[in-house]
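Single-letter residue listing:
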Amino acid sequence: MNMLGEHLVIAPILVPLLTGILLVLLRGSATPLRRTISMLGVQLLLAVSIWLLLQAASGELLVYQLGSWAAPYGIVLVADRLSAAMVMLTAVLALFAMMHAIQGSDRHGRQYHALFQFLLMGLNGAFLTGDLFNLFVFFEILLIASYGMLLHGGGAARSRAGLHYVIVNLVGSSLFLFAVGTLYGVLGTLNMADLSQRVATLPAEDVGLVRAAALLLFLVFALKAALVPLHLWLPGAYSAAGPASVALFAIMTKVGGYSIIRVYSLIFGAEAGPLANLVEPWLLVLGLLTIVVGTIGVLASRHLALLVAHLVVISTGSILTAFGLGSQAALSAGLYYSFQSALVTAALFMLTENVARTRGVFADELRAGPMLPAANLLGGLFLVLALAVAGVPPLSGFIGKVLIIQASLETPVMAWIMAIVLSTSLLTLVALARAGSTMFFKTDTNAGAATLPDTANLVPVAAVAALSLLYVVLASPIYSYTDAAADQLLSPNGYVETVLSDEPPSPAGGH
């Protein structure tokens, strides 16, 4: 790999950071200039993420040592198949969210584009970091940016939801620090590869303290992922946020899920001695409960945005159920499902805003309103996305759920997983069918006239809908990639040996 290639491992963090700084310096400039800079930053990030994915697809582990300080003493960034795929997914969602934002919703606050870029920096940093303390740092960066984006546009509902969101996440951040401080105090390191080695040889007298810290860390990640019973903050926050903001928020719960699978496969995996497979039993039970509770929320929702927010909860439960099974097939199925669910729910959030604007005072309420002048277009997009998220064949959600069920066939919990996944999929389909028929076919003659939808705002929605269809066409190579990523996760020795290699770093800081 050439020197430029080695430096590009840090590019997914540097590109949004530098773009965000430039946007802050240009905060008084004209809106078209800020939009152009922000869009160029997102496009550059997408190009970098494609390169990173191509490099990681071969199985090569890319390690970047900041300042040429070797691990475990220096800060390292690590790109493997999973982290590269998550960076790529973030860039794709960012592109469509930005396409939606520049149609007008970014005008409600001057710092929208800077916050957007800093959120991207936090997300990519969380996926690429190789140590727990910097995972905390990047969590804080993305959370602080998300606070501003959630409140973007103002209003009582957003302020109330934003207050709850901030308080819950401040508590989570405090617990994160307690857990990290305890692990550092006992083990003397926070580098994930180094932690893996030290936990495996942990003295018996330290097992209880490290177990407590590890479970506290799991509590924090479960909160970020919106795992039951720590999910209550999500429906209100996501349903109140602006469409372009919440489209990117669709991947924020995936950061929690990513952190769980990364930390508890690498540090507390099969070779962690008395702490081996520490959270797998909890993941399975809590994942299934999350699916059930999310489905109840979907059935009870009276607003489309709230319904979609509960769909995010269901997707979290499905992903962590797969992770809780622990096998390579199950991990691969969870990753496959994770990617498609983030795309589809992001598109549904953007579509919700278009429908709400068209219906006027009826907004996104699930009740009869004015006849929509573009009901076929809006309803068609909703139909494709609803079928995908509910898991109706042959769309991507169906493939993901079938893969999860297949991975459970040889396990004692097969009956539970089949019953819950299939029944909740049916109930979700019923709720979405009811919502679609109410909004696009039932009319109130006294409701007045609806406005024409902004077709430019529908372009990113249609693009993501088309991408979800492409996800079906490319199901085989995508599953092959997720299977290879799962294999890499379950074989952490390669990760540990590469990160802790005694080989002197190259001038670029990578291997």
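Refer to the structure above for everything that follows.
Residue indices follow the written sequence of each chain, beginning from 1 at its first position. Predicted model: local features are reported for residues with pLDDT of at least 70 only, side-chain atom pairs are reported and counted for 80 or more only, and whole-chain, interface and lining totals are derived from all residues. For side-chain calculations, the full set of non-hydrogen atoms in the structure is used, while hydrogens and water are omitted.

Caption draft 1: View of unusual backbone geometry. A cis amide bond, omega 5 degrees, links V228 with the succeeding residue P229. Where helices and strands are cited, they refer to DSSP runs of H or I of at least four residues and of E of at least two residues respectively, numbered from the N terminus. By secondary structure assignment, the location of P229 is in the loop between α9 (207-225) and α10 (233-240). Of note, the bond from P393 into P394 is cis; its omega dihedral lies within 30 degrees of zero at 5 degrees. By secondary structure assignment, the location of P394 is in the loop between α16 (375-390) and α17 (396-407). Residue A226 is not a glycine yet carries a positive backbone phi of 65 degrees. Examined against the element boundaries, A226 turns out to sit in the loop between α9 and α10.

Caption draft 2: The arrangement of the pairing of strand β1 (residues 62-65) in detail. The cut-offs for exposure are 20% and 50% of the maximum accessible area for each residue type, with area from a 1.4 Å probe on protein chains only; residues under the lower value are buried, those over the upper are exposed, and the others partly exposed. Both faces of β1 are covered, namely the face carrying L62 and Y64 and the face carrying V63 and Q65. At least two bridges found by DSSP between two strands is the condition for calling them paired. Strand direction decides the pairing type here: β1 and strand β2 (residues 76-79), joined by 4 bridges, are antiparallel. Each residue of the ladder has a partner; that of Y64, found in β2, is L77.

Caption draft 3: Representation of the nonpolar core in the model. Take the buried Ala, Val, Leu, Ile, Met, Phe, Trp, Tyr and Cys residues and link them wherever side-chain atoms come within 4.5 Å; each set so joined is a nonpolar core. By size, the foremost hydrophobic cluster in this structure holds 187 residues, and its most contacted members are F116, L132, Y238, Y264 and F268. Examining the composition of this core, we find that 17 residues originate from one element, helix α15 (residues 328-358), more than from any other.

Caption draft 4: Summary view of a nonpolar patch on the surface. Patches here are clusters of residues that have more than 30% relative accessible area and form no salt bridge, with a 9 Å joining cutoff for like charges and a 5 Å cutoff for nonpolar side chains (Val, Leu, Ile, Met, Phe, Trp, Tyr). Computed with the Shrake-Rupley method and a 1.4 Å probe, the accessible areas treat only the protein chains shown as cover for residues. Throughout this description, the term salt bridge denotes a Lys or Arg side-chain nitrogen within 4 Å of a carboxyl oxygen of Asp or Glu. On the surface, a nonpolar cluster with roughly 380 Å² of combined accessible area is contributed by L14, L18, I21 and L25. Structurally, L14 can be placed in helix α2 (residues 11-25). Residue class for L14 comes out partly exposed when judged on its relative accessible area of 34%.

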